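Listed here are the chains, written in short residue letters.
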Amino acid sequence: MTAARLLRTGLSVLPVLAAAAYAAPVLSTYGPLRNRAMPRLSGRGRPDHVALTFDDGPDPLSTPLFLRLLDERRVHATFFLLGNQAVRAPGLVREIAAAGHEIAVHGWLHRPLLLRGPRATHDDLARARDTVGDLTGRTPRLFRPPYGVMSAAAHLAARSLDLTPVLWTAWGEDWRARATPESVHRTVTADLRGGGTILLHDSDCTSAPGSWRATLGAVPRILDTCAMRGLSVGPLREHAVDPL
């Protein structure tokens, strides 16, 4: 192969290699692999504790019902808020914080970060972090990417913004139209282990309309199951052996 042809071949594969490097973190979306190989990203923590987390809020229709339920059960959780939802309900953001819950960010818009470039990714996370921080008086430290999909740019942006990405070890598939309290509870508890992080949704802004009702009905059952298994439940800030 001539030097010129070798150069052309090398140049032709560069975009492919660059795209592969950019998208490589998407492998972390595969739960079993992530849980084994990336315990910190998965939200693995103390073996006697389970972290309860909610995505996609705040929603003035549904989130207050979750807050009331959690207050009745004397449980705190971590809420991963969308920036564009937060600015529509600033009082509700403050109410979540005042109730003692941990507030984190889910980005500004619920769009896959894998489809965004480095600048757009950084700007999205920074806008969400700063907006939520201004509303609560405390800068968020945790973030969860939409759809749980990371990219190289997302990791770099999170590092520069002092945000720690956290995904989950168990979810309820509660965004589906056919979800029921029974199905959400069954799906969560099938993968629930001590030290795990549960993903649920307190809003249907990116889910099937009304799907949050199944989640709301499942939460007491999930809490009861955790209690039966001798597991305490709380936010991520109380979860990690080494604080996130």
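What comes next concerns the included structure. Because the structure is predicted, anything quoted here is derived from the model rather than measured.

Rules of the game
- Residues numbered from 1 in each chain as written.
- Predicted model: local features only at pLDDT ≥ 70, side-chain atom pairs only at ≥ 80, totals over all residues.
- Heavy atoms only, no water.
- Buried < 20%, exposed > 50% of the residue type's maximum accessible area, 1.4 Å probe, protein only.
- Helix = DSSP H or I, 4+ residues; strand = E, 2+ residues; numbered from the N terminus.
- Arc of directions from axis to C-beta.
- Contact = heavy atoms within 4.5 Å.
- Axes fitted to C-alpha atoms, helices over the stretch in contact; angles between N-to-C directions.
- Parallel < 35°, antiparallel > 145°, perpendicular 65-115°, else oblique.
- Left-handed = near helix turned anticlockwise from the far one by under 90°.
- Nonpolar A, V, L, I, M, F, W, Y, C, P; charged D, E, K, R; others polar.

**Topic: helix α6 (residues 90-98)**
An α-helical segment advances 3.6 residues per turn. Residues three or four places apart therefore align on the same side. Looking at α6, one finds that the buried residues are Leu92, Val93 and Ile96. What you see down the axis of α6 is that its buried residues fit within an arc of 105 degrees, all on one side. Buried-residue contacts for α6 involve α4 (63-73), β2 (78-81), α5 (83-86), β3 (102-105) and α7 (118-136). Of the residues one or two after α6, Gly100 is the one with positive phi, at around 95 degrees.

**Focus: the side chain of Thr215**
Among the secondary structure elements, Thr215 is positioned in helix α10 (residues 212-228). The class for Thr215 is buried, based on a relative accessible area of 0%. If near-sequence neighbours (up to four positions away) are discounted, Thr215 is found in contact with Phe54, Phe66, Asp174, Leu200 and His201.

**Observations regarding the packing of α7 against helix α8 (residues 152-160)**
Their axes nearest at 9 Å, the elements α7 and α8 cross at an angle of 45 degrees. With respect to α8, the axis of α7 lies oblique. Crossing hand, α7 versus α8: right-handed. For the pair α7 and α8, contact is made by Pro118, Thr121, His122 and Leu125 and by Ala153, Ala154, Ala157, Ala158 and Ser160, respectively. Considered class by class, the residues forming the contact of α7 with α8 number 6 nonpolar, 3 polar and no charged.

**Description of unusual backbone geometry**
Looking along the chain, the bond that leaves Gly57 and enters Pro58 is cis, with omega of 0 degrees. Checked against the element boundaries, Pro58 lands in the loop between β1 (49-57) and α4. One non-glycine residue with positive phi stands out, namely Asp56, at about 85 degrees. As for its placement among the helices and strands, Asp56 is situated in strand β1.

**Some words on the packing of α4 against α6**
One can describe the packing of α4 onto α6 by two numbers: an axis separation of 11 Å at closest approach and a directional angle of 15 degrees. Here α4 lies roughly parallel to α6, going by the angle between them. Along this stretch, α4 crosses α6, giving a crossing that reads as left-handed. Touching Thr63, Pro64 and Leu67 of α4 are Leu92, Glu95 and Ile96, all from α6. When the residues that make up the contact of α4 with α6 are grouped by side-chain class, the tally is 4 nonpolar, 1 polar and 1 charged.

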